[in-house]
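# Structural features, examined
Here is how the chains run, residue by residue.
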Amino acid sequence: MKTLTHTQQQTIEKHAEEALELLKKLISTPSYSGEEDQTAALLASDLNQKGFEVERIQNNVIARSKEWNDDLPTLLLNSHHDTVRATDNWLTNPFEPVIKGEQLFGLGSNDAGAPLVSLLQSFYLLQAEQQNYNLVFLASAEEETSGKRGVPITLDALGKIDLAVVGEPTQMEMATSERGLIVLDVTMFGESGHAARGEGINALYKAVDAIQWFRSYSFDQVSELLGPVSMNVTKIEAGTQHNVVPDKCSFVVDVRPNDCYTNAEIVRIIQEHVEGEVVPRSLHLNSSGISSTHAIVEKARELGVATVSSKTMSDQAHMPFPSVKMGPGDTHRSHTPNEFIYIHELLGGIQGYYRMLNGLKIPHWNQP
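Okay, so let's go over this structure. Quick caveat, the model's predicted, so the values are computed rather than measured.

## Examining the nonpolar core
- Ranked by internal contacts, the top residues of the largest apolar core, which has 50 residues, are Phe123, Val165, Ile296 and Leu357.
- The dominant element in this core, judged by the number of residues it contributes, is helix H3 (residues 109-127), at 9 residues.
- Other than its neighbours up to four places away in sequence, Ile296 contacts Leu163, Val165, Met174, Ile290, Val324, Met356, Leu357 and Leu360.
- Within the second largest apolar cluster, 23 residues are counted, among which are Met188, Phe251, Tyr261 and Val274.

In structure tokens:
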């Protein structure tokens, strides 16, 4: 693989400086999920200043490469600009970008500010050269809450996408698969009665049996990439007072699907085994995976980039087209107080994206 020329390296370093300045502005601009209007305006302004037309769908920001050829495949560069809520354990103001040595502290600096600004600068770099694909950049909203006003409402406007690179902190390793998510509300029903006389049918006891099933059941199909489907009961509620046998018990189950099942198939299997009412909050947060022979995976092998499976979920869950997840930063810093990014990771992110995507021959994706 050819090394970067001196000119290319200088250009990338300049873009890394711009990425740092934009990241500081993003940190200074609160953007909790569902409240990202100010950072959307900031990103749209940056794109406008670079001469790009911007389409804004609520708090999602879309831009396309200036040269467009309908016969070419389309590459989507996506990351999110919303953040989780700041906790009380910060040692600095989470909305003030603070540099200490090589570290930049601030809410959203790692998840996903650094991947976002690195992808944006890569978008500027890549579209300035002739590529074998069209480019679309999407800064999405509500990723942290798996909201419906993020990627899902942009899919029609995006048009046909043949490959997506989703920016999340992976230390620039390439996640070629990730788990989905199903949240289940399960309710067991009984009959109330006086606890002293042991009357009624205790719904809480029925729930205990169901919870034991969730704890011990193993789905038959185990993914080579993602392992088995996992299920964890995370919340339970029952009863009105100490001397009344509860006639209803509700609990919540966090299910992380692998790529062997659809979300609907998993829910059906659970409903066949559990006596009570099993209601999924949604079925749209799917697991994802890409073929080991896809051009971008082969390019990763060529460059010596590690390919991994991801236990965390991203906007890939909403994407019906092939996608990978990679970006500067470390997932273990995400959602933590005193979140930070190493400044040199911005340069490494832009370099990594550019080397991976420049000249990449993307196959057209034919939807199944």
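## Brief notes about H3
- Over its 19 residues, H3 extends 25 Å from the first C-alpha to the last, a length consistent with the 27 Å expected when each residue adds 1.5 Å.
- Within H3, 19 of the 19 residues are buried, leaving the element largely enclosed by the surrounding structure.

## A few points about the packing of aromatic side chains
- In total, this model carries 12 aromatic pairs according to the counting rule given.
- Centroid distance Trp213 to Tyr217: 4.6 Å. Interplanar angle 25°. Geometry classified as stacked.
- Assessed through its relative accessible area of 15%, Trp213 is described here as buried.
- Site record: aromatic cluster; members linked through ring pairs are Trp213, Phe214, Tyr217, Phe219, Phe251 and Tyr261.
- The side chain of Lys66 reaches across the aromatic face of Phe52, ending 4.7 Å from its centre.
- Above the plane of the ring of Phe105 lies Lys100, whose end atom (NZ or CZ) is 5.6 Å from the centre.

## Side note on helix H1 (residues 6-27)
- Taking 1.5 Å of rise per residue, the 22 residues of H1 would be expected to cover 32 Å, and the 32 Å separating its terminal C-alpha atoms lies within 8% of that figure.
- Within the span of H1, buried status applies to Gln9, Ile12, His15, Ala16, Ala19, Leu20, Leu22, Leu23, Leu26 and Ile27.
- On its buried side, H1 packs onto helix H2 (37-49), strand E5 (103-105), H3, strand E18 (340-342) and helix H8 (343-357).

## Regarding the packing of helix H7 (residues 295-303) against H8
- Where H7 meets H8, the closest approach of the two axes is 9 Å, and the angle between their N-to-C directions is 120°. In terms of axis orientation, H7 runs oblique to H8. The two elements H7 and H8 cross, and the hand of that crossing is right-handed. Facing H7, whose interface residues are Ile296, Lys299, Ala300 and Leu303, H8 presents Arg355, Met356 and Leu357.
- Its residues placed into classes, the contact of H7 with H8 shows 5 nonpolar, no polar and 2 charged.

## So, the environment of Ala203
- By the secondary structure assignment, Ala203 is in helix H5 (residues 203-216).
- Residues Ala203 and Gly239 lie 36 residues apart in sequence; the distance between their C-alpha atoms is 9.0 Å.
- If near-sequence neighbours (up to four positions away) are discounted, Ala203 is found in contact with Met188, Phe189, Gly190, Pro246, Asp247, Lys248 and Cys249.

Basis of the calculations
Residues numbered from 1 in each chain as written. Predicted model: local features only at pLDDT ≥ 70, side-chain atom pairs only at ≥ 80, totals over all residues. Heavy atoms only, no water. Core = buried A, V, L, I, M, F, W, Y, C linked by side-chain atoms within 4.5 Å. Buried < 20%, exposed > 50% of the residue type's maximum accessible area, 1.4 Å probe, protein only. Helix = DSSP H or I, 4+ residues; strand = E, 2+ residues; numbered from the N terminus. Contact = heavy atoms within 4.5 Å. Expected span 1.5 Å × (residues − 1). Phe/Tyr/Trp six-rings, centres within 6.5 Å; stacked < 30°, edge-to-face > 60°. Lys NZ or Arg CZ within 6 Å of the ring centre and 35° of its normal. Axes fitted to C-alpha atoms, helices over the stretch in contact; angles between N-to-C directions. Parallel < 35°, antiparallel > 145°, perpendicular 65-115°, else oblique. Left-handed = near helix turned anticlockwise from the far one by under 90°. Nonpolar A, V, L, I, M, F, W, Y, C, P; charged D, E, K, R; others polar.

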